[in-house]
Amino acid sequence: MWTRESGGLVLTFHLAGINNQNFLMRDDQTGSYWQQITGEAVSGPLRGRRLTLVASDELSFGLWAAEEPGGTVLKSVPKYASDYEKKDWEVRMKKARTVLSFADPARGLEPRTLLLGVQAFGASRAFPYDAVIQEKLVLDRVGEEPVLLVVGPDGESVRVFRDRIPGISGHPAFYRTLDDKQSHPHDPAWLKQAVAAPLLMDEATGSEWNFQGCAVSGKETGLCLEPIEAIKDYWFDWRNYNPKTTVYVR
Amino acid sequence: MPAFYDLSGRPIGTGVAGAERKEKKNPDHGGNSLMERSSRRTVADPWFLIPIALVSFTALAYPIYVIRPFRHQGPRELAAALEVIQIRPPIELVCAICALLGLFWYWRVQPLDSRRRLAAAGAFLVCTFAVLSRVNIFEMMFHPDTHPLFVPIEQAKVDPDDMVMAVKLGGMAHAYPIRSMGYHHIINDVVGQEPIVATY
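Bear in mind the structure is a predicted one, so any value in this text is a computation, not a measurement.

Draft legend 1. Region of the structure containing the overall build of chain A. Regarding its fold elements, chain A presents six helices and 21 strands. A globule of 250 residues ought to have a C-alpha radius of gyration of about 18 Å, and chain A, at 20 Å, matches this closely. Expressed as lengths along the three principal axes of its C-alpha atoms, the size of chain A is roughly 55 × 45 × 45 Å. Looking at the 250 residues of chain A, the share that counts as buried comes to 40%. Relative to all contacts within chain A whose residues are 6 or more apart in sequence, the contacts with residues 24 or more apart total 49%.

Quick look at the structure:
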């Protein structure tokens, strides 16, 4: 997700082409073409400029609705609603062919392996989505910087944070305290209390942290971890634009 | 019998009797019509339209050929295709003007209706390429949601376990269901007075 301002202009984008299955956007105002995944203008008067990334999440609707009860949702366009993707479309997409591969069977990476990609601290790292969902909490590094990936109480949504607590030296270890076997992710009432409740505890201070990355009990109450932007992408696409990426392997 | 000349006026032969046949079929031009028109130069087929049409068609078709789904795009050909898109409008305009001016000239010097029609069809084709070059078929193919509307959570027809892209700016939270985004791919939006584009 990007801001759509550049050079003092507010831009309106259209899907205008494909570059190895990552789409190109054209802006009405200058006719420049932009690469979706990088936010960079690759042709036209604004060539070389970059859009600014907007912090966003990919969450289950139930969890998001519990976090943002006053939020609003993009309405279906009636004319096209019957053609929208079906519920199992991510499963079906796994079988769709790609024009690039980068398959790496040794690390379990097929072209359509879903992953969470992080570009931060001068490095890029890919976290296979299924592995993160299974592990629930991943403590790792991007470049030299410690990060943590945590799965929400819905068992589907993932957020990434920098593993640093202000005033605490080093990078504290975190533990998951939520008992996922007792979760009721499809019960809106349960989710509503679960999104604000703690699901992690840090070893250094014993504080408890929720899915927003904020301490809700203990010494660090009120402090929040620094969120890190992650995008859900297919391996072939991520690898194409991040040739030096490293990959998290359990 | 009419003599035939190329575009520079050089004679290229005689004997194609189209003009004569035409005159025989149309005897209403007066008694001296055949003699008068037979004495006028007749030019060759409108070959001059072929290079114009080729340039116009290439400028139209090359980017479509390169930037089409399910095809590997090499960096050089992609850059070339995008460059063609950028310089295409004046090229197509010049081609269309040349074709129309050429047609105007040809219409005056060519007495044969059949060849005039051929030239008119060629010029029309070039003009059609010019018009089509203003249309991006991908923009039509993916059915953009040009006026996105938002509804409160309770009115949203989204299952709890469906994934959404979520953003919060200036205290305002918007969610974009993935199943919709997988179809429209781009939503131009304003959230908390911040113009943003959600892409998927």
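Draft legend 2. The arrangement of the sheet that holds strand 10 (residues 114-120) of chain A in detail. Strand order in the open sheet formed by four strands is 20-10-11-21 (chain A), and the pairing between neighbours is mixed. The sheet terminates laterally at strand 20 (231-234) and strand 21 (246-247) of chain A, the two strands that pair on one side only.

Draft legend 3. Looking closely at the interface of chain A and chain B. With 53 residues of chain A in contact, the opposing surface of chain B contributes 56 residues. For the side of chain A that touches chain B, the secondary structure elements donating two or more residues are strand 1 (2-3), strand 4 (13-19), strand 5 (22-27), strand 7 (41-43), strand 8 (57-60), helix 1 (61-67) and strand 9 (72-74) of chain A. Examining the composition of the side of chain A that touches chain B, we find that seven residues originate from one element, strand 4 of chain A, more than from any other. Of the residues in the side of chain A that touches chain B, the class split is 26 nonpolar, 17 polar and ten charged. Where strand 8 of chain A lies against strand 5 (residues 163-169) of chain B, four bridges are found, and the strand directions are antiparallel. Its bridge partner being in strand 5 of chain B, L59(A) is matched across the sheet by V164(B).

Draft legend 4. Local environment of helix 5 (residues 113-132) of chain B. Residue and element names in this part refer to chain B. Taking 1.5 Å as the rise per residue, helix 5 with 20 residues should run 28 Å; its terminal C-alpha atoms sit 28 Å apart, in good agreement. A119, G122, A123, V126, F129 and A130 are the residues of helix 5 that are buried. The buried residues of helix 5 occupy an angular sector of 110 degrees when projected down its axis, which confines them to one face. With respect to the buried face of helix 5, the exposed residues turned more than 90 degrees away are D113, S114, R117, A121 and V131. Close packing links the buried residues of helix 5 with helix 3 (49-66) and helix 4 (75-109).

Draft legend 5. Quick look at the sheet that holds strand 4 (residues 150-152) of chain B. Strands sit in the order 8(A)-5(B)-6(B)-9(A)-4(B) across an open sheet of five strands; the sheet is mixed. The two strands at the open ends of the sheet, each matched to only one other strand, are strand 8 of chain A together with strand 4 of chain B. Between one strand axis and the next, the sheet turns through 35 degrees on average, direction left out of account. Bridge analysis of strand 9 of chain A against strand 4 of chain B gives three bridges, and the strand direction is antiparallel.

Draft legend 6. Expanded view of the domain arrangement of chain A. For chain A, the domain assignment lists domain 1 (5-43) and domain 2 (105-247). Here the C-alpha centre of domain 2 of chain A lies 30 Å away from the C-alpha centre of domain 1 of chain A.

Draft legend 7. Just the nonpolar core, in detail. In terms of nonpolar packing, the biggest core is built from 82 residues, with L149(A) and V164(B) touching the most fellow members. When residues no more than four places from it in sequence are discounted, the contact partners of V164(B) are L59(A), F61(A), W64(A), V158(B), A175(B), Y176(B), P177(B) and I178(B). Grouped together as the second largest cluster of nonpolar side chains are 14 residues, L49(B), A59(B), A96(B) and Y106(B) included.

Draft legend 8. Summary view of helix 3 of chain B. All names here are of chain B. When the terminal C-alpha atoms of helix 3 are compared, their 26 Å separation across 18 residues agrees well with the 26 Å that a helix rising 1.5 Å per residue should span. Maximal helix bending in helix 3 amounts to about 30 degrees, located at T58. Within helix 3, burial applies to L49, I52, S56, A59, L60, P63 and V66. Close packing links the buried residues of helix 3 with helix 4 and helix 5.

Procedures and definitions
Residues numbered from 1 in each chain as written. Chains lettered and ligands numbered in written order. Predicted model: local features only at pLDDT ≥ 70, side-chain atom pairs only at ≥ 80, totals over all residues. Helix = DSSP H or I, 4+ residues; strand = E, 2+ residues; numbered from the N terminus. Rg over C-alpha atoms; globule rule 2.2 N^0.38 Å. Buried ≥ 20, exposed ≤ 12 C-beta atoms within 10 Å, placed from the backbone. Contact = placed C-beta atoms within 7 Å. Pairing = 2+ DSSP bridges. Nonpolar A, V, L, I, M, F, W, Y, C, P; charged D, E, K, R; others polar. Expected span 1.5 Å × (residues − 1). Arc of directions from axis to C-beta. Axes fitted to C-alpha atoms, helices over the stretch in contact; angles between N-to-C directions. Domains from an automatic or database assignment. Core = buried A, V, L, I, M, F, W, Y, C linked by C-beta atoms within 7 Å. Bend = angle between axes of the 7 residues up to and from the residue.

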